[in-house]
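Spelled out, the chains give:
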Amino acid sequence: MQDINTMLSTLRRPRLLTSAARHGLVDYQRERHLKRILGDGKLPSPGAAALRLMEIEAGYDSARRTGDGNYMIGAHIEVLIALMSEARLLQSPA
């Protein structure tokens, strides 16, 4: 099984999606946004959050690729923003 950093480094998405997510990083508030996305009362560690976000994001990406009419680009970008933020927390020194 790959470690979380390897999984994150191999994630490839269209430039427009990643660019939009990068722009949203400045407004990201972990407690507020992560609770809304994950629906939990208690915030998980950055590693656990990143794993769950990757699962959610994979579902959005699958919907995007298949042209699913229920695909929500705004929600996809929101999850990418959270995933990028959690990845940054994983890489920052403790």
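Remember, predicted model here, so these are calculated numbers, not experimental data.

**Digging into the overall build of the chain**
Right, so step 1: When its secondary structure is counted, the chain shows five helices and zero strands.
Right, so step 2: N-terminal to C-terminal, the α/β element order of the chain is α-α-α-α-α.
Right, so step 3: Over its C-alpha trace the chain gives a radius of gyration of 13 Å, about what one expects of a compact globule, namely 12 Å for 94 residues.
Right, so step 4: Oriented by its inertia axes, the alpha-carbon framework of the chain measures out at about 40 × 30 × 25 Å.
Right, so step 5: Within the chain, the fraction of its 94 residues that count as buried is 35%.

**Here we look at the pattern of salt bridges**
Right, so step 1: Enumeration according to the criterion identifies seven salt bridges in this entry.
Right, so step 2: As a salt-bridge pair, Arg13 and Asp61 come within 3.4 Å of each other at their nearest N and O atoms. Separated by 48 residues along the polypeptide, Arg13 in the loop between α1 (4-9) and α2 (15-24) and Asp61 in helix α4 (residues 46-66) bring together distant segments of the chain.
Right, so step 3: Residue Asp61 is classed as buried on the basis of its relative accessible area of 4%.
Right, so step 4: Among the ionic pairs, Arg65 bridges to Asp61, the shortest N-O distance being 2.7 Å. In this pair, Arg65 and Asp61 both sit in helix α4, four residues apart, roughly one turn of the helix.
Right, so step 5: Through salt bridges with shared partners, a single network forms among Arg13, Glu57, Asp61, Arg64 and Arg65.

**Comments concerning the side chain of Glu57**
Right, so step 1: Its location among the elements puts Glu57 in helix α4.
Right, so step 2: On the accessibility criterion, Glu57 (1% relative accessible area) is buried.
Right, so step 3: Here the side chain of Glu57 touches Arg13 through a polar contact of 2.7 Å, side chain to side chain.

**Considerations on the packing of helix α3 (residues 30-38) against α4**
Right, so step 1: It is at 11 Å that the axes of α3 and α4 come closest, and there the two elements cross at 45°. By the criterion of interaxial angle, the relationship of α3 to α4 is oblique. Judged by the sense of rotation from one axis to the other, the crossing of α3 with α4 is left-handed. Taken together, the residues of α4 that come into contact with α3 (itself represented by Arg30, Leu34, Ile37 and Leu38) are Pro46, Ala49, Arg52, Leu53 and Ile56.
Right, so step 2: Partitioning the contact of α3 with α4 into residue classes produces seven nonpolar, no polar and two charged.

Conventions used here
Residues numbered from 1 in each chain as written. Predicted model: local features only at pLDDT ≥ 70, side-chain atom pairs only at ≥ 80, totals over all residues. Heavy atoms only, no water. Helix = DSSP H or I, 4+ residues; strand = E, 2+ residues; numbered from the N terminus. Rg over C-alpha atoms; globule rule 2.2 N^0.38 Å. Buried < 20%, exposed > 50% of the residue type's maximum accessible area, 1.4 Å probe, protein only. Salt bridge = Lys/Arg side-chain N within 4 Å of Asp/Glu carboxyl O. Polar contact = N/O pair within 3.5 Å; in protein donor to acceptor, adjacent residues only side chain to side chain. Axes fitted to C-alpha atoms, helices over the stretch in contact; angles between N-to-C directions. Parallel < 35°, antiparallel > 145°, perpendicular 65-115°, else oblique. Left-handed = near helix turned anticlockwise from the far one by under 90°. Contact = heavy atoms within 4.5 Å. Nonpolar A, V, L, I, M, F, W, Y, C, P; charged D, E, K, R; others polar.

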